[in-house]
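Here is how the chains run, residue by residue.
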Amino acid sequence: MPTETHPLDANWKFHDYAPGEGLAAGAFTAEFDSAGWLDISVPGDVHSALLAAGRIEDPFYDQNENKCAWIEEREWWYRLAFSGPLRPPDPDERLQLVFHGLDTFATVWLNGIELGRHKNMFTPAVFDVTRHVRPGQPNTLALCFDRPLDYVAGFTGRFGEFQSWGPNEERVFMRKAQFGYGWDWGPRLPTVGIWRPVELRRECRVALVGAHGYTLEIAPDRSQALVAVKVEIERFAVSGAGGATRPLTAHIDLSHGDTVFRAAVDLEHHTTGTAYITVPHPALWWTHDLGDPNLYDLRVVLRDAERELDRRDMQIGIRTIELDQSPDPGEPGTRFFRFVLNGVPLFAKGANWIPADSFFASMPLDRYDALLKAARRVHMNMLRIWGGGLYEHDHFYDLCDQLGLLVWQDFMFACAIYPDHVPEFAAEVEAEARYQVRRLRNHPSMALWCGNNENQWIHDMACWKTPGVRVPGELFYNETLPNAVADLDGHIPYWPGSPYGGNDHNSMDDGDRHNWDVWHGGSPRKFGELPHSDHGPDGVSYRRYTQDTGRFISEFGMHASPVVETLRRVIPEDQLYHHSHSMDHHNKDNPKNKGDNLMLTVTGLPENLDDYIDFSMITQAEGLKYGIEHFRRRKPHCSGTLFWQFNDCWPVLSWSVVDYYGIGKAAYYYARRFFAPVLASFKELPDGGVELWLTNDTLQPVSDRVAIMQRSFDGSESWGTMVPVLVLPNSSQPIWRSDPDTLISAPDHYLRVRSTNNHFPPNRHFFAPIKDLKRDPQPVTFTIDAIDSHTLNVQLAAPTYALFVNLSVPHDGTRYSDNYFDLQPGEKRTITITNTDIVLQPEMVRVRSR
């Protein structure tokens, strides 16, 4: 019989006890009476179940997070009654109980018998229950989740001469999502429970434990590709006359549309084998901006002479991915840090991804669809999964494959030193790395395995007087993790940390870089130099981005408020003002006035809530625009910008551009313009002049006539010119320089550029901070037409220059064809608003500008 899988996800119950009380009460026994226990979803978590049962208030509202601290002090028990399989296992079969994710320190019983213990939420817990399951009869599973802090009490502080650092030291001694213990954007709500599916598997003789499809090479003319499929098996029973082995073959089908390629691997005397398939005229997997993310169906069926034993179905992409770190001849003494997809260097445009919910196990999967499609709509081609969160759900990676989004995958270590000197902990890390590499290696979206987030960099700053001192955890980053990648994958690059490389692990000359000069007020340094920071207005200013000549900027950003509707959901009415206790509770960064110092030089300080929302959004959007335009102009010397951060795990004042409810801030809509495949941007010159650059990330040349003009904010035009341009594929170059005799560098004037062939979105350049512009804002006029029950067209017109025109409908799921844009004097635009979940009414629409 082929492998059979029986889900065990329904009808679970849970209850809490003081430590040790559950065991004393017999909660592990089959006959225990669980009347009065509460229902809980699997996958799921304790917090969500308690909220559904009314035992806790919404942890995200006001300061209710603090009221949930008691959950950490209890042990949590799960129980499930289920019917055993009708057919007993044959002599050459086994029954495997598989928990794909337990969060985190769990003991498991079946029918009162302890099966074992587990202590890593990033690896499955697998138990052979062949002798313990009662076929055709009632069975009882029981789990006890112990208090995590009980397991780490003896470890804290055990780093010898090293001073531990990073938020909430206790988290580093457990293989659990680190952000759950609080971060500078997240609450302390450490989850508990069965967070991934549970199943009972019946296997016969042999199990298919791995199938790895990868591309060995693509012909230079792309006329064919060589694809390998490696099959890995585990034998657990031998049957046949006299104990002889039976023939064992893995049959492989690789298909795309109606075309099928077949191969076979003989495994009679081996536990691994590889088939090689030549694919003529392959449909390559590309990021969505360079081509189509074509996928092939791969099926591996394990058979003996008589029957099918096991099978795997998956999708793979035919593609090669490399990390080019060769010397950069354009800037001697530096090296590239750029991804090369199918032989084509690409500029990575995207953001950092954190868990999309503090209660990630209970989050509906369609939230991933909404967020990842939102990323693609604004031209992102890469997301970095940050190392303090999760190896994401399978659905995340499947969607990235389908949408043509690359994934930079951190291993789950962040902002801390880790106890690589503890053998038991090191063994857990090795098992975790090998499991996750085997799990994720087939996804064509996978672009990089990265050892950690900021650990080498911060440790060097903490130990700056002794440069080169060993980093606790480097055994993992230098040996355990790269060895797992090399052994089980070997075709996706590995990088030891982020940031990493050069003279200082945050170098501008080599490797990737985190620019926290802006916002956190840091400063560039080298090994052995004292770290320095300046939190004043000049120290945190986004204009410092132009001083950054980094190779690949993998973190940078600044705060902005979410929209007022989001704030109203979680902030009491009497606390809806800037720096109220509740608002500051929803700002986890310190000191709380960093955003004020940034706004001070851009918009001025807010006087009311609307000001705060608008000013913080303007500052974030303009700051990201300013920085990303600079980095993109530097192509190819800079080859990527992944700003911090894309999303939120709860409703919060943070660096995100999309809030917890999926509502885009101003910077999200700006991203569609500053990440456009072709970008026109103005560069300020030291002599007071201005250059116009065109950056072309496409694989085709751009031929255009570019219109450049200077106007005053009241609408009068000072001058205009047309410039013919030809920009080569995958390049960036200046195309125009201002004339000092005609340029008016005054706060009542601006520059504007547009493409006469619609190759790029229009752009503008101001000659003063927004707060100092000399203009006379007038309300935008508008009319609204209902196209159907789910669609509105809003016609807008501006009598004078309108800054930050934004439309809002106070309902989740509302989409706008554009938002948070400028209107020139006399300009008219039509914006389409859609929401398939509600009937849209014109009176729902709010139109504002600055």
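In short, a report on the structure. (Residues numbered from 1 in each chain as written. Predicted model: local features only at pLDDT ≥ 70, side-chain atom pairs only at ≥ 80, totals over all residues. Heavy atoms only, no water.)

## A look at the packing of helix α12 (residues 609-633) against helix α13 (residues 666-674)
What counts, and what does not: Only the stretch in contact is used when a helix axis is fitted, and all axes are lines through C-alpha atoms; the angle between N-to-C directions ranges over 0 to 180 degrees. Think of it this way: any DSSP run of H or I at least four residues long counts as a helix, any run of E at least two long counts as a strand, and we number them from the N terminus. For classification purposes, an angle smaller than 35 degrees is called roughly parallel, one larger than 145 roughly antiparallel, one from 65 to 115 roughly perpendicular, and anything else oblique. Should the near helix be turned counterclockwise from the far one by less than a right angle, the crossing is left-handed, whereas a clockwise turn marks it as right-handed. Working rule for contacts: check all heavy atoms of both residues, and any pair within 4.5 Å makes them a contact. Any residue that is not Ala, Val, Leu, Ile, Met, Phe, Trp, Tyr, Cys, Pro, Asp, Glu, Lys or Arg is counted as polar, Gly included; the first ten are nonpolar and the last four charged.
Between α12 and α13, whose axes approach to 8 Å, the crossing angle comes to 25 degrees. Considering the angle they form, α12 stands roughly parallel to α13. As for the relative orientation of α12 and α13, their crossing is right-handed in sense. Contacts from Met-617, Gln-620, Ala-621, Glu-622, Leu-624, Lys-625, Ile-628 and Arg-632 in α12 reach Ala-666, Ala-667, Tyr-670 and Phe-674 in α13. Within the contact of α12 with α13, the residues separate by chemical class into 8 nonpolar, 1 polar and 3 charged.

## Some thoughts on the sheet that holds strand β36 (residues 717-727)
Threshold: A pair of strands counts as paired when DSSP detects no fewer than two bridges linking them.
In spatial order, the strands read β36-β35-β38-β39; together these 4 strands make up an open sheet with antiparallel pairing. Of all the strands in the sheet, just β36 and β39 (763-766) have a single pairing partner and so form its edges. If you compare each strand with its neighbour and ignore which way they point, the axes differ by 20 degrees on average.

## Some details on the nonpolar core
For clarity, the threshold we go by: Among buried residues, the Ala, Val, Leu, Ile, Met, Phe, Trp, Tyr and Cys ones that are joined through side-chain atoms within 4.5 Å form a nonpolar core. Only protein chains enter the accessibility calculation, which uses a 1.4 Å probe. A residue is then buried if its area is under 20% of the maximum for its type, exposed if over 50%, and partly exposed in between.
Phe-99 and Phe-646 are the most contacted members of the largest nonpolar core, which totals 181 residues. At 11 residues, the largest contribution of residues to this core is made by α12. Excluding anything up to four places from it in sequence, Phe-99 contacts Trp-12, Val-108, Pro-124, Ala-125, Phe-127, Leu-141, Leu-143, Ile-194, Pro-197 and Val-198. One finds Ile-252, Leu-323, Cys-450 and Trp-495 within the second-largest nonpolar core, a separate group that totals 52 residues.

## Here's the deal with the environment of Trp-285
As for its position among the elements, Trp-285 is in the loop between β19 (272-280) and β20 (296-304). Residue class for Trp-285 comes out buried when judged on its relative accessible area of 0%. Each C-alpha atom of the pair Trp-285 and Lys-588 lies 40 Å from the other, and the pair is 303 residues apart in sequence.

## A short note on unusual backbone geometry
Val-42 connects to Pro-43 through a cis peptide bond whose omega is 0 degrees. A cis amide bond links Lys-635 to the next residue, Pro-636, at an omega of 5 degrees. Take Pro-636: it is sitting in the loop between α12 and β32 (640-643). One non-glycine residue, Arg-222, lies in positive phi territory at about 60 degrees. Positionally, Arg-222 belongs in the loop between β15 (206-218) and β16 (224-235). A relative accessible area of 37% means that Arg-222 is categorised as partly exposed. The residue Asn-342 is not glycine, and still its phi comes out positive at about 55 degrees. In this fold, Asn-342 is placed in the loop between β23 (338-341) and β24 (344-346). With relative accessibility at 8%, the residue Asn-342 sits in the buried group.

On their own, these measurements won't tell you what the molecule is for.
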